[in-house]
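What follows is each chain in one-letter form.
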Amino acid sequence: MYQVVPGGAGGTITDVIPKQKHTKDTRPLVGAGVIGVLLVIAAVTAWCYYIASLRKAELLKTQLLDLNKDGYIIRNQGGSIVFRMDFRSGTLDLDSCSKEEEILRCGRTTDRKLKFFIKTVRPKDTVQCYRVRWEELVPDIPVEHAMTYKFAHWYGGAVSAIQHWPISLSGQQAPKPFVTSDIYSNRDEFGGILESYWLSSNATAIKINNSVPFHLGWNDTEKTMYFQARYHDTPFKPNLGEAPCAELSYRVCVGLDVTSIHKYMVRRYFNKPYKVPAKVMFEHPLWSTWALHKRDIDQEKLLTYAANIRKYNFNCSHLELDDRYTKHYGDFEFDPVKFPNASEMFQKLKSNGFLVSLWIHPFVNYDSENFHNLVERGLFVREPTGRLPALVHWWNGIGGILDFTNPEARDWFASQLRSLRSKYGVSSFKFDAGETNYLPWKFSTKNHIRDPSFFTRRYTEMALHYNDRAELRSGYQSQNISCFFRPIDRDSVWGYELGLKSLIPTVLTISILGYQFILPDMIGGNAYLNHTSGERALPDKELYIRWLELSAFMPSMQFSIPPWEYGNEVVEIARKYTAIHESIVAPRVLELAGEVLDTGDPIIRPLWWIATGDETAYKIDSQFLIGDDLMVAPVLEPGKQERDIYLPAGHWRSYKGERFDIKEALHLTDYPVDLDEIAYFVWV
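Rules and cut-offs
Residues numbered from 1 in each chain as written. Predicted model: local features only at pLDDT ≥ 70, side-chain atom pairs only at ≥ 80, totals over all residues. Heavy atoms only, no water. UniProt positions renumbered as here; feature names shortened; annotations may be inferred. Helix = DSSP H or I, 4+ residues; strand = E, 2+ residues; numbered from the N terminus. Polar contact = N/O pair within 3.5 Å; in protein donor to acceptor, adjacent residues only side chain to side chain. Contact = heavy atoms within 4.5 Å. Disulfide = S-S within 2.5 Å. Buried < 20%, exposed > 50% of the residue type's maximum accessible area, 1.4 Å probe, protein only. Pairing = 2+ DSSP bridges. Axes fitted to C-alpha atoms, helices over the stretch in contact; angles between N-to-C directions. 1 Å grid on protein atoms, 1.4 Å probe; cavity = no way out; pocket = protein on both sides within 12 Å on 5 of 7 lines; lining within 4 Å. Points joined across faces, edges and corners; volume = space filled by probe spheres on them. Nonpolar A, V, L, I, M, F, W, Y, C, P; charged D, E, K, R; others polar. Core = buried A, V, L, I, M, F, W, Y, C linked by side-chain atoms within 4.5 Å. Phe/Tyr/Trp six-rings, centres within 6.5 Å; stacked < 30°, edge-to-face > 60°. Lys NZ or Arg CZ within 6 Å of the ring centre and 35° of its normal. Salt bridge = Lys/Arg side-chain N within 4 Å of Asp/Glu carboxyl O. Parallel < 35°, antiparallel > 145°, perpendicular 65-115°, else oblique. Left-handed = near helix turned anticlockwise from the far one by under 90°.

- If you check an unreviewed UniProt entry, the protein appears there as Myogenesis-regulating glycosidase from Ataeniobius toweri.
- UniProt, in the comment section headed Sequence similarities (unreviewed entry), describes the protein in these words: "Belongs to the glycosyl hydrolase 31 family."

Structure (C-alpha cells):
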C-alpha cells in the first residue's frame, strides 16, 4: 500500500515507480523501427507494382505474341522466338493499351495519339496469324517497323540485279519506294516483278497490305529490314480527299513448316492464273531475233532465220520479231524500207508453219506519227498538274508513256494490237517495259492511283487477250494475267549479276511470288557489248552449252543466238536437250501447270520444299525441283565437268541409272558431269 509522509511547504509526495529517461543507447532502436515500417511499406508497394506489371504483361500477350513498348516478338509452339519486330517511329505508351478478346489496342505513343492494334487470327489448327496496324493521325509522319532477319533464311520480295537465294542484303539502305523498276538500267533498284511478301525458313511469312505506301530499307550489320509507310518525298499518294496520314498494316503468319505456311499464304493472299498458256509454249522453244540481230533486223534476215530453224530440224512454238520493225517508236506499222512486203512475209512464214509475235512497249516517241494525236486526246501520263503530258526518257529515246489507267488510252492501244493481228495474222506480243521507273517521279493519271506499281498492273492487263503466247517482263499483283513472265535481260556472263548463276535464284524468287509460267530469257544471254564472256560477239561456247542445258529444265525455252553459230557439236547438243525438254520436262510441267490454277504452288521449287527439316536445303541456290519428284543440278562454273550435289532423303534414280535409297540427305562430292550433260534425278 501506499505510504503517505509529511511533505514540504506545498503538500505531500506519492511513492510510485519513477519515470525512465531516454538515453543514447535506446535511440537506434526507434530509428530501426521507423526504417522497418518504411521497408514494409516499400515492399508492399513493390509487390503491388509487381502484381500490376504481371497483369500488364499478361494483358500485352496474345497467343504466342508478346508486345512491349518498343515492339513485339512471336514464338513458335516450342517456345523459340521466330519473329521480332521493333518500332522505330515511336514508343508505345503501355498505359494506353487494352485487350479485348484477341485484339490488343493502344491509343498513343509517349508523345502523340495514334491507332494501333494487333489482332490474333487462327484460320486453321496449324496456322497462327497476326494482323498488325499502326496508323498515324497527324499528316506526313512516317511509320517504320524494323524486322530482324537473323533468326532464319528469308525469300521473296522482288527480283534484283544481283540475285541470291536465300536473300542476301549488303550495306545500309534507307527505306525507298518498293516499286517496280528496270534493273538492267537501274541495278540498285527493286526489279520488275515484285510483291510485298516474304517467307522464312522458320515457317514465318509476312504480307504487307496492298494499301500501304510501302518503302523498304535494310541494315546488314544489324540484320534488319526496315518496313516503312510514308507519303512525303515519294511517288505514293493518298486517296483523293484524304490527308497524307501514313498507315503500316500487314499480316504475320506462323505455321508448322516453311512449305505449308507458304501454301497457306499463296491460297489466301495471291491472285492465281485462270488458264494455262498454249501447250506448245511448254513443249517447243521460242525463237527471238533480239540477241542475234538487235535492232538491225529486216525482212530478209527474219526469213533466213526461220529457214535455218527448219534446216537444222528444230521445232518452234513461234518466232518473236523484236526491236526494230517500225520506222519510229510508237508507230504500229512496218518500216517499208526494212520490210518492203510485210504481208507477203507473214504469208510465207505461215505457209512454212511459223507463227509470229511482235515486240511492243508503252512508249510513243515525239517523232512518231501518233504522238501529236495522243497529246491532243490526253492519252499520255501527265505532269502533276494534269495540264501537260509528261515526257519520259527510256532506252530508245524520248516520248510519252500511255496512261493505262485511262480507258480511252487502253482502247487505243488495244485497237493497234487488233489491227496488227487482223492485217498480218500476228499470233501474240512481247510486252516489254511497264516498270514504274519510266514514270516521272511526280505524275498524274486519268484515274488516281495510290501505288505507282498499280500502273504496272494496268499495263500487264493489256496482255489478257493474247495470253496463250504473250510474254511480260514486269508484274505486280499480275499472277492472274495467266501468261508467261520473263526475268529482265541476262548478260552473257557466268556470275550472279544478271548472269547464268542468277537464273535459278531468280526463277525460284518469281515462283515464290506466285508467277509460275516462266520464260527464263534467251539461252546464252543477250550478248550485249562489254557484258559478254567470250572472244567474239557471241557468248562463250561453254557458257552457251551450260545455259542451254539449264533452260531445257525450265517451263519454257527461248533461243535467239542459234546453236548453228557454234557448229555441229552445239547443234547436236541443242537437239538432244530440246528433245529432253519435250519428252521429259514438258509433260511434268504441264501437269503441274494445271494444278497451279487451284493451288498457286510453284512449278519450279526449292529443295527445302521436300526437306523442311534440313538446314542445308535452305541455302542451296544451284539446284531445284520440278514438282516434288524431279531434281536438277546443272554445272554453273566455267571449266568444270563435275559438281557437288545435295540429294534429299528418299528414293532417287540418276540420269545415269544409279539408284540412291537414302534415309537422310546425301552429299555427292565431285559428281562427274560432262560438258554435254546436266545432272538430274527422278524420284522412284
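That was the structure; now back to the text.
1. A word on the side chain of T204
Reasoning step 1: Relative to the helices and strands, T204 resides in strand 13 (residues 204-208).
Reasoning step 2: A polar side-chain atom of T204 sits 3.1 Å from a polar atom in the side chain of N202.
Reasoning step 3: Not counting residues within four places of it along the chain, the set of residues in contact with T204 comprises V82, F83, W154, W198, L199, V252, C253, V254 and I261.

2. Section: the side chain of K501
Reasoning step 1: Assignment of secondary structure puts K501 in the loop between strand 25 (484-485) and helix 10 (503-512).
Reasoning step 2: When residues no more than four places from it in sequence are discounted, the contact partners of K501 are W494, G495, Y496, L636 and E637.

3. Structural notes on the state of the cysteines
Reasoning step 1: According to the stated counting rule, one finds 2 disulfides in the structure shown.
Reasoning step 2: Between the sulfur of C97 and that of C106 lies a disulfide, 2.0 Å long from S to S. Because the sign of the S-S torsion sets the handedness, a value of about 105 degrees for the bond joining C97 and C106 places this disulfide among the right-handed ones.
Reasoning step 3: Given a relative accessible area of 7%, C97 falls into the buried group.
Reasoning step 4: The class of C106 is buried, set by a relative accessible area of 5%.
Reasoning step 5: Linked covalently through their sulfurs, C129 and C253 form a disulfide whose S-S length is 2.1 Å.

4. So, the environment of S200
Reasoning step 1: Tracing the chain through its elements places S200 in strand 12 (residues 194-200).
Reasoning step 2: Overall, the relative accessible area of 0% leaves S200 in the buried class.
Reasoning step 3: In sequence terms S200 and Y149 are 51 residues apart; their C-alpha atoms lie 8.6 Å from each other.
Reasoning step 4: Dropping the residues within four chain positions of it, S200 is found in contact with A152, H153, W154 and V258.
Reasoning step 5: A polar side-chain atom of S200 sits 2.3 Å from a polar atom in the side chain of N202.

5. Quick look at the sheet that holds strand 1 (residues 61-62)
Reasoning step 1: If you trace the 8 strands from one edge of the open sheet to the other, you get 1-2-3-4-9-15-14-11, paired in antiparallel fashion. Edge positions in the open sheet fall to strand 1 and strand 11 (172-177), since each of these has one partner strand only.

6. Quick word on the sheet that holds strand 12
Reasoning step 1: In spatial order, the strands read 5-6-7-8-16-13-12-10; together these 8 strands make up an open sheet with antiparallel pairing. A strand with exactly one partner marks an edge of an open sheet, and here the two such strands are strand 5 (97-100) and strand 10 (154-158). Taken over all neighbouring pairs, the strand axes of this sheet differ in orientation by 15 degrees on average, direction set aside.
Reasoning step 2: Looking at chain direction, strand 10 and strand 12 are connected through 4 bridges and run antiparallel. Its bridge partner being in strand 12, W154 is matched across the sheet by S200.
Reasoning step 3: Relative to the sheet, helix 2 (residues 258-269) contacts strand 7 (113-124), strand 8 (127-136), strand 12, strand 13 and strand 16 (247-254), its axis offset from that of strand 12 by approximately 155 degrees.

7. What about empty space enclosed by the protein?
Reasoning step 1: In total, this model carries 4 cavities of 30 Å³ or more according to the counting rule given.
Reasoning step 2: Approximately 100 Å³ is the volume found for the largest cavity.
Reasoning step 3: In this structure, the largest cavity is lined by D323, R324, Y325, T326, H328, Y329, G330, D331, F332, W359, I360 and H361.
Reasoning step 4: A breakdown of the residues in the lining of the largest cavity according to their chemical character gives 5 nonpolar, 4 polar and 3 charged.
Reasoning step 5: Estimated volume of the second largest cavity: approximately 70 Å³.

8. Concerning the nonpolar core
Reasoning step 1: Core analysis: the biggest nonpolar cluster contains 164 residues, and L319, F431 and F553 have the highest contact counts within it.
Reasoning step 2: Among the elements that line this core, the one with the most residues is helix 12 (residues 568-599), at 11 residues.
Reasoning step 3: Here F431 is in contact with I360, F413, L417, Y459, M462, A463, Y466, A470, E471, L472 and R473, once residues within four sequence places are set aside.
Reasoning step 4: Within the second largest apolar cluster, 44 residues are counted, among which are V132, A152, L216 and W218.

9. Notes on the packing of aromatic side chains
In this description, a pair of aromatic rings is defined by centroid distance and the angle of the planes.
Reasoning step 1: Summed over all chains, the structure comprises 58 aromatic pairs.
Reasoning step 2: Ring centres of F87 and F116 lie 5.5 Å apart, and the angle between their planes is 70 degrees; this geometry places the pair in the edge-to-face category. In this pair, F87 is assigned in strand 4 (residues 81-87) and F116 in strand 7, connecting sequence segments 29 residues apart.
Reasoning step 3: For F87, a relative accessible area of 8% puts it in the buried group.
Reasoning step 4: Clustering of aromatic rings is evident, with ring pairs tying together F332, F404, W412, F413, F429, F431, F455, Y459 and Y466.
Reasoning step 5: Directly above the ring of W290 sits K294, whose terminal nitrogen or CZ lies 6.0 Å from the centroid.

10. A few points about the pattern of salt bridges
Reasoning step 1: Per the stated rule, a full pass over the model turns up 41 salt bridges.
Reasoning step 2: R108 is the salt-bridge partner of D93, the closest N and O atoms lying 3.8 Å from each other. Remark: R108 occurs in strand 6 (residues 103-108) and D93 occurs in the loop between strand 4 and strand 5; sequence separation between them is 15 residues.
Reasoning step 3: The partly exposed category is assigned to D93, whose relative accessible area is 22%.
Reasoning step 4: When the shortest N-O distance is used, the salt bridge between R458 and E461 registers 2.8 Å.

11. What about the packing of helix 5 (residues 299-311) against helix 6 (residues 342-351)?
Reasoning step 1: Interaxial distance between helix 5 and helix 6 falls to 11 Å at its minimum, and their mutual angle equals 0 degrees. By the angle between their axes, helix 5 is roughly parallel relative to helix 6. Facing helix 5, whose interface residues are Q299, L302, L303 and A306, helix 6 presents A342, M345, K348 and L349.
Reasoning step 2: Of the residues belonging to the contact of helix 5 with helix 6, the class tally is 6 nonpolar, 1 polar and 1 charged.

12. Describing the packing of helix 11 (residues 541-551) against helix 12
Reasoning step 1: Between helix 11 and helix 12, the least distance of the axes is 9 Å, while the angle of their chain directions is 15 degrees. Here helix 11 lies roughly parallel to helix 12, going by the angle between them. For the pair helix 11 and helix 12, the crossing hand works out as right-handed. Residue-level contacts link K541, Y544, I545, L548, E549 and S551 of helix 11 to E569, V570, I573, A574, Y577 and H581 of helix 12.
Reasoning step 2: Its residues assigned to classes, the contact of helix 11 with helix 12 comprises 7 nonpolar, 2 polar and 3 charged.

13. Quick word on the environment of A205
Reasoning step 1: If you trace the backbone, A205 turns up in strand 13.
Reasoning step 2: Contact partners of A205, with chain neighbours within four places excluded, come to Y197, W198, L199, R251, V252, C253, I261 and M265.

14. Some thoughts on the layout of surface pockets
Reasoning step 1: Here the largest pocket is characterised by a volume of approximately 570 Å³.
Reasoning step 2: Among the secondary structure elements, those contributing two or more residues to the lining of the largest pocket are strand 10, strand 11 and strand 14 (214-219).
Reasoning step 3: A per-class count over the lining of the largest pocket returns 12 nonpolar, 9 polar and 4 charged.
Reasoning step 4: Space inside the second largest pocket adds up to approximately 310 Å³.
Reasoning step 5: In this structure, the second largest pocket is lined by 16 residues; those nearest its centre are W290, R295, W395, D489 and Y528.
Reasoning step 6: Looking at side-chain class alone, the lining of the second largest pocket contains 5 nonpolar, 1 polar and 10 charged residues.

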